[in-house]
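Structural characterization, general
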Amino acid sequence: MTTFLIDGETALDAGALTETLPLPAQRRIRRVVLTHAHLDHVATLPFLVDNTYRRAAPLEVLAPAPVLTALRRHVFNDVIWPDFTRLPSRSRPAVRLRPVPAGRPFRAGGATFTAFPVNHIVPAYGYLISRPGRSVLFSGDTSETEELWEHARRARDLKAIFLEVSFSNAQREIARASCHLTPQQLPGELAKAPARVPVYLYHMKPPSLPRIRREVKALGQRSWKLLESERRFRF
Ligand SMILES: [Zn+2]
Ligand SMILES: [Zn+2]
């Protein structure tokens, strides 16, 4: 259930925002940037809207257009959840969907985000998030990919890479079918990234976690670590 809280006001994905944050922290969130529309990345967005209803300004949801189209069609559709882009009124809605162009930087709070398309089973994007002198890369859900790494190599100030690994090596068929990575693909993927940048692996499917842990350890890269819940980083 992927969620990164960037600076208290901006979240990247909303898989677990209402599960992990107390109400006052939920109320501080002004915008959510989405990698894609899969449920493990948007599940708590409807509840965040509910919990912070009648906030002073609409909650902004930012992503490239295909992600927002899926969200409107399949979540905020007045069937699964009310269409909060029109409630309580069209002129002052609880949620504002803001499409962003892929490949071009946009501002979100105090940081600059750039979305890059990655290889997943639905339209999905990784993000380079930058402030002056420091950048961090999030892969989102992806199988082997290229464009994201091209931009990672150009970012001279990259401080960390957050890369998905979802299934163990024994599950490579399901990983391939669902466009995710396994540990055996990591050396090839990370060979495309700039060297000597710490790597945090995330998005491990819970039943695969013990095997993934062993398989990543066997790769012998001490700067590649499995991310744990509720870790905090300062870059
Ligand atoms: Zn996904
Ligand atoms: Zn996912």
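Refer to the structure presented above.
The text that follows walks through the structure, step by step, so that each part is easy to find.

With that settled, consider helix H5 (residues 65-74). Looking only at H5, the buried set comprises Val67, Leu68 and Leu71. What you see down the axis of H5 is that its buried residues fit within an arc of 95°, all on one side. Buried residues along H5 sit in contact with helix H3 (39-42), helix H4 (45-51), strand S4 (59-63), strand S5 (95-99) and strand S8 (125-131).

Moving on, we come to the pattern of salt bridges. Oppositely charged side chains can pair when the atoms bearing their charge come close. Counting across every chain of the model gives seven salt bridges. Here Glu146 makes a salt bridge to Lys192, at a shortest N to O gap of 3.0 Å. Of this pair, Glu146 sits in the loop between strand S9 (134-138) and helix H6 (147-154) while Lys192 sits in the loop between helix H8 (186-190) and strand S11 (199-202); the two residues are 46 residues apart in sequence, bridging distant segments of the chain. Overall, the relative accessible area of 48% leaves Glu146 in the partly exposed class. In this structure, Glu173 engages Arg176 in a salt bridge whose closest nitrogen and oxygen atoms are separated by 3.5 Å. With a gap of three residues between them, Glu173 and Arg176 both fall in helix H7 (residues 172-177), about one helical turn apart. Of the residues examined, Arg176 reaches a relative accessible area of 55% and is grouped as exposed. Taken together, the shared-partner salt bridges in this structure form one network comprising Glu146, Glu189 and Lys192.

Our next topic: the coordination of the zinc ion (ligand 2). Here the zinc ion (ligand 2) is held by Asp40 (OD), His41 (NE2), Asp141 (OD) and His203 (NE2), and the distances to it run 2.0 to 2.1 Å. Geometry at the zinc ion (ligand 2) is irregular, judged from its four donor atoms and the angles of 87 to 168° they form at the metal. Here the donor residues of the zinc ion (ligand 2) are spaced in sequence according to D-H-x99-D-x61-H. In this model, the zinc ion (ligand 2) sits 3.4 Å from the zinc ion (ligand 1), the two metals being bridged by Asp141. Residue Asp40 is located in helix H3, and its partner Asp141 is located in the loop between S9 and H6; the two are separated by 101 residues in the primary sequence. Using a relative accessible area of 1% as the deciding quantity, one classes Asp141 as buried.

Definitions and limits used
- Residues numbered from 1 in each chain as written.
- Chains lettered and ligands numbered in written order.
- Predicted model: local features only at pLDDT ≥ 70, side-chain atom pairs only at ≥ 80, totals over all residues.
- Heavy atoms only, no water.
- Buried < 20%, exposed > 50% of the residue type's maximum accessible area, 1.4 Å probe, protein only.
- Helix = DSSP H or I, 4+ residues; strand = E, 2+ residues; numbered from the N terminus.
- Arc of directions from axis to C-beta.
- Contact = heavy atoms within 4.5 Å.
- Salt bridge = Lys/Arg side-chain N within 4 Å of Asp/Glu carboxyl O.
- Donors = N, O, S within 2.8 Å, 3.2 Å for Na, K, Ca; no water.
- Tetrahedral: all angles 85-135°; square planar, octahedral: opposite > 155°, others 65-115°.

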